[in-house]
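# Fold and geometry: a report
In case you want the letters, here they are:
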Amino acid sequence: MATKKVNKASFKFGGETINLSKSKTQVAVRYTPGMKRAPKRKNAADQEQIRDFEVVTATRGIDQKLDALREKPEVSVGTHIWIVDGEDDSPFIPTGYLYIEFKPGTAYEKQQAAMQELNLNVRQVVSPEAYRVSTTPDSPNPVKCAMLLQKNRIVKIAEPEFMTKPVMGDFSPPTGKFINSQWHHENNGGQIPIIDIPNAVYGTHHFKKGADAKVRAAWEELQGLGSKTIKIAIIDTGFDTEHPSLRGDGTKIRNTFNAANRSADVSPWFQASDGSWGVFSHGTSCAAVAAGAWDGQGVLGAAPNARIIPIKLDILSDDAIQKAFEHAILNGADIISCSLGFPKPVPLSTYVSNYISRVVREGRNGKGLPVFIAAGNANPASNNVPRQVSDFAAHPDLICITASNSLDESSSYTFYGPTAFLCAPTNGNDGVGVTTATVSANGSTLLHSYTSRFGGTSSAAPLTAGVCALMLSANPDLTLGEIKDILRRSADKIGSGYDANGRSSKLGYGRLNAQRAVQMATGNSGTGGSSSGTGGSGSGSSGTGTGGGQTATQRGKVTSKFLNVRTGPGTSNPKVAELHQGDIVNLLEKKSGFWRIGTNQFVSADFIQVIASNGAPAVVTRKGKVTSTFLNVRTGPGTTNAKVGELKQGAAVSIFETSSNGWHRIGDKRWVIGTNIQEV
């Protein structure tokens, strides 16, 4: 549809009239997920990013610049940026979505005609007279659409959706003398003070800018330091619970437990074989890396607001290990971090291995409990043979964390193996240690102090656990599968040696990136989404489950309890989805005893009851593709609803509606989370 360009706009929005102008120097683009971008220009290193849109600046010829960007194959959406008159520092990006409300009593046919005139696709039916819609390549830009609709006498409300950066609220990033000593949160490449050596510093040759876990950026993303409702169980050799980092405001420590003697005593004291007494500092340091409270010196954990469940495990036996994990799940742990293992490479017993699998599966009320395990250190081993992970770190249901350093290198000491999932910043090679809490003894008195020398995979695992707490602060409904998928996809590839699946035996899927993980957890990662219609591809065609623009002439109902959807007409073809008894599908053609119900989607005709001719216009749907390794299908829009199926990566789905919390309905009582669906 050819329309006159609009450079200024005045329309009703939120009950008021607003005045906008197109920016003369900035446009925004969204890239197609998975497509390689052209390298950035040297002067574009600081290119602004607003969620999944990249802001592009040009001092002149901005319209021509936008036209050129829209022609690039990797650009899915190109759009003008709008600014509130007189407010040049407030860019508003049209997402391509609009909200439309028709006047009461408007006939359905007139509603549809008004939307079809502008080539709009229905995303969500809010009520019989209200819709959320998206533009297509044949639509005017979203602002123009809203203005045209507002002139239509049957339209009550028509508003485009905008994306912009929020004004920072009450959150102030943590400060303190030693805040920059925690390079693993943010590494700017400069020298840092050493907390336990007065007036000493680590020089710049120990650091590479960006070789960090992006924790401070994640706090900015969250606008906070995490939720106080998230509980991290730390399984270790003892804890100084009176350390300011662990005590916090007095409510941080919860449900202490000694797994060996089944008491509440988790103190770091131990008695040596000669009868003398000493202190284990390890557990205190690990707990502080994960969730240490923010103190006046500026030393804090990845999730400073999270609660800690300290579980002392200073004896390894089947009974003690089982009790440790049992205590975590019974006391509502959302996350477990464990940085210990057997002194020699032995497997876990079958009893312990099976029990841990049960904890992982049943934890968090069935959502799945993430358990982060330190891979282990001391490579090469005493016999000079490289050591692979063993015991806890080799368990297939646990999340094995290896080590990288402040130069973004794999730490030479880290164990490795087929279960390595991620690496996280810690010490090693010519890198430096992590600044965190520690404890020592002066006679019978515990000394609460700090160190810049903590490290090993012992530090990498709780750091990842703390980042997971930030993810759950952003989205507490994430399942274990979703947590792992987000961590995998958000990781930064450092070093080399990755296989065809993107995994390295030493680096896992890459280095932990907290900022991107939190963005993905909140659904703002830019991994999917429909085009705005200002230069991208359209989404949606007529017909429920149709393909190639074909309209179904018959509809059918599934008669079996379960029915596999396959890529071709035969059971030898791969399964891509699953239907359930009572599901209604469009029947496009019958081939070799199978009905085709969509593009590359076939079901056995033996389990389909043809129910009616379909003379009425087909329902408008959108199309989507699964982007995660697997995706749970549930009876309703939320993870508390029952799981009724599972989709594999690449599976095609029809999207009938989208809920207010971002879930897509893909069938009758069949819902999937929208962050793992790319509209096509």
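Since the structure is predicted, the reported quantities are computational estimates derived from the model, not experimental observations.

### Here we look at the overall build of the protein chain
What the protein chain contains, in helices and strands, is twelve helices and 39 strands. Across the 680 residues that make up the protein chain, the buried fraction comes to 54%. A total accessible area of about 29000 Å² is found for the protein chain, and carbon and sulfur atoms account for 49% of it.

### A short note on the environment of P73
With respect to the helices and strands, P73 occurs in the loop between helix 1 (62-71) and strand 5 (75-84). Of the residues examined, P73 reaches a relative accessible area of 61% and is grouped as exposed. Spatially, the C-alpha atom of P73 lies 8.3 Å from that of T32, the residues being 41 residues apart in sequence.

### Concerning the nonpolar core
One finds I232, F325, I335, I336, F392 and L487 to be the most contacted residues of the largest nonpolar core, which totals 100 residues. The element best represented in this core is helix 10 (residues 457-474), accounting for ten residues. Leaving out residues up to four positions away in the same chain, L487 has contacts with F372, F421, L422, M471, L512 and A517. Counting residues in each nonpolar core, the second largest holds 27 residues, with L563, L579, V585 and A651 among its members.

### A closer look at the confidence of the model for the protein chain
Residues with a pLDDT of 70 or more make up 88% of the protein chain, whose mean pLDDT is 84. Scored below 50 in pLDDT, residues 524-552 shows 109 contacts in the model against residues more than four places distant or in partner chains. The low-confidence segment residues 612-620 (pLDDT under 50) makes 17 contacts with residues lying over four places distant or belonging to another chain.

### Examining the environment of P370
Relative to the assigned elements, P370 resides in the loop between helix 8 (350-362) and strand 18 (371-374). With a relative accessible area of 0%, P370 lands in the buried category. Here P370 is in contact with D334, I335, I336, R364, I399, C468, L480 and I483, once residues within four sequence places are set aside.

### Considerations on the packing of helix 10 against helix 11 (residues 480-490)
The interhelical angle for the contact between helix 10 and helix 11, taken along N-to-C directions, is 115°, at an axis separation of 12 Å. As for how helix 10 packs across helix 11, the hand of that crossing is right-handed. Contact with helix 10, carried on its side by C468, M471 and L472, involves I483, I486 and L487 of helix 11 and no other residues of that element. In terms of residue class, the contact of helix 10 with helix 11 is built from six nonpolar, no polar and no charged.

### Let's talk about the sheet that holds strand 13 (residues 257-258)
On the basis of which strands lie adjacent, the open sheet formed by seven strands has the order 13-16-12-17-18-19-20 and parallel pairing. Only two strands of the sheet have a single neighbouring strand rather than two, namely strand 13 and strand 20 (420-425). Pairing geometry for strand 13 and strand 16 (residues 307-312), over two bridges, is parallel. Looking at the pairing, N258 lines up with K312 of strand 16.

### Description of the side chain of D295
With respect to the secondary-structure elements, D295 resides in the loop between helix 6 (282-291) and strand 16. Within the buried set, D295 has no salt-bridge partner at all; the shortest N-O distance to an opposite charge, 9.7 Å, is to R247. A polar contact is formed between the side chain of D295 and the backbone nitrogen of V299, at a distance of 3.0 Å. A distance of 2.4 Å separates polar atoms of two side chains, one belonging to D295 and the other to Y450.

### Some points on unusual backbone geometry
Here the residue pair N379 and P380 is connected by a cis peptide bond, since its omega of -10° sits within 30 degrees of zero. Mapped onto the elements of the fold, P380 is located in the loop between strand 18 and helix 9 (391-394).

### Details of the packing of aromatic side chains
One pass over the full model with this rule turns up nine aromatic pairs. The interplanar angle of 55° and the centroid separation of 6.0 Å between the aromatic rings of F13 and F162 together place this pair among those described as tilted. With F13 in strand 1 (residues 8-13) and F162 in strand 9 (residues 155-163), this residue pair connects regions lying 149 residues apart in the sequence. Relative accessible area serves as the criterion here: at 28%, F13 is assigned to the partly exposed category. Each residue in the set F11, F13, F92 and F162 is aromatic and connected to the rest through ring pairs, giving one cluster. Sitting above the plane of the Y97 ring, R123 keeps its charged end 3.7 Å from the centroid. K493 extends its terminal NZ or CZ atom over the ring of Y498, reaching a point 5.1 Å from the ring centre.

### Let's talk about the pattern of salt bridges
In this structure the tally under the stated criterion is 16 salt bridges. The salt bridge involving R70 is made with D67; its shortest N-O contact spans 3.9 Å. Placement of the pair is R70 and D67 together in helix 1, with a separation of three residues, close to one helical turn. What makes D67 partly exposed here is its relative accessible area of 38%. Between R488 and D485 there is a salt bridge whose closest N-O contact spans 2.4 Å. With R488 and D485 both in helix 11, this residue pair falls three residues apart, about one helical turn. Among the residues examined, D485 registers a relative accessible area of 7% and is labelled buried. Taken together, the shared-partner salt bridges in this structure form one network comprising D408, D492, R511 and R516.

### Focus: the packing of helix 11 against helix 12 (residues 514-521)
Where helix 11 contacts helix 12, the two axes come as close as 9 Å, and the packing angle between them is 135°. Between helix 11 and helix 12, the angle falls in the class oblique. Note on packing geometry: the crossing formed by helix 11 with helix 12 is right-handed. In contact with I486, L487, R489 and S490 of helix 11, helix 12 contributes R516, A517, M520 and A521. The class makeup of the residues in the contact of helix 11 with helix 12 is five nonpolar, one polar and two charged.

### With respect to the pairing of strand 7 (residues 121-127)
Pairing of strand 7 with strand 8 (residues 130-134) involves five bridges; the strand directions are antiparallel. Paired with Q124 across the two strands is R132, which belongs to strand 8. Once strand 7 ends, the chain turns through two residues before running back antiparallel as strand 8.

### Some details on the side chain of S339
Tracing the backbone shows S339 in the loop between strand 17 (335-338) and helix 8. Polar contacts involving the side chain of S339 include one to the main-chain carbonyl oxygen of S458, which spans 2.9 Å. Setting aside residues no more than four positions away along its own chain, S339 makes contact with I235, D236, H282, C286, A374, T457, S458, A461 and P462.

### Some points on helix 6
Judged by how many residues are buried, helix 6 sits mostly within the fold: nine of ten residues are covered. Within helix 6, the full set of buried residues consists of G283, T284, S285, C286, A287, A288, V289, A290 and A291. The inward-facing, buried residues of helix 6 contact strand 12 (231-236), helix 5 (244-247), strand 16, strand 21 (434-442), strand 22 (445-454) and helix 10.

The rules behind the values
- Starting afresh in each chain, residues are numbered from 1 along the sequence in its written order.
- Residues qualify for local features only when their pLDDT is at least 70, as the model is predicted, and side-chain atom pairs are given and counted only at 80 or more; totals for whole chains, interfaces and linings, by contrast, use all residues.
- Water and hydrogen atoms were dropped before computing side-chain values, which therefore reflect all heavy atoms in the structure.
- Put simply, DSSP H or I for four residues or longer makes a helix, DSSP E for two residues or longer makes a strand, and each gets a number counted from the N terminus.
- Each residue is placed in one exposure class: buried if its accessible area under a 1.4 Å probe, protein chains only, is under 20% of its type's maximum, exposed if it is over 50%, and partly exposed if it falls in between.
- Areas reported here follow the Shrake-Rupley algorithm with a probe of radius 1.4 Å; residue values treat only the protein chains shown as occluding.
- The criterion is simple. A nonpolar core is a set of buried Ala, Val, Leu, Ile, Met, Phe, Trp, Tyr and Cys residues joined through side-chain atoms within 4.5 Å.
- Whether two residues are in contact is decided by their heavy atoms, any of which lying within 4.5 Å being enough.
- pLDDT measures how confident the predictor is about each residue, on a scale from 0 to 100.
- The convention used is that axes are lines fitted to C-alpha atoms, helices contributing only their stretch in contact, and that angles between N-to-C directions extend from 0 to 180 degrees.
- In this scheme the handedness of a crossing depends on how the near helix is turned from the far one: anticlockwise by less than a right angle means left-handed, clockwise means right-handed.
- Think of it as three bins: nonpolar holds Ala, Val, Leu, Ile, Met, Phe, Trp, Tyr, Cys and Pro, charged holds Asp, Glu, Lys and Arg, and polar takes everything else, Gly as well.
- Being paired, for any two strands, means DSSP has found at least two bridges between them.
- Here Asp and Glu are counted as negative and Lys and Arg as positive; His is not counted, and neither are the chain ends.
- We define a salt bridge as a side-chain nitrogen of Lys or Arg found within 4 Å of a carboxyl oxygen belonging to Asp or Glu.
- Counted as a polar contact is a pair of N or O atoms within 3.5 Å, where, for protein atoms, one must be capable of donating a hydrogen and the other of accepting one, and residues adjacent in sequence contribute only when both atoms are in side chains.
- Each pair of aromatic rings taken from Phe, Tyr and Trp, with Trp reduced to its six-membered ring, is defined by centres within 6.5 Å and is described as stacked if the planes are under 30 degrees apart, edge-to-face if over 60, and tilted in the remaining cases.
- Whether a charge lies above a ring is judged from NZ of Lys or CZ of Arg, which has to be within 6 Å of the ring centre and within 35 degrees of the ring normal.
- What sets the label is the angle itself: under 35 degrees gives roughly parallel, over 145 gives roughly antiparallel, 65 to 115 gives roughly perpendicular, and the rest give oblique.

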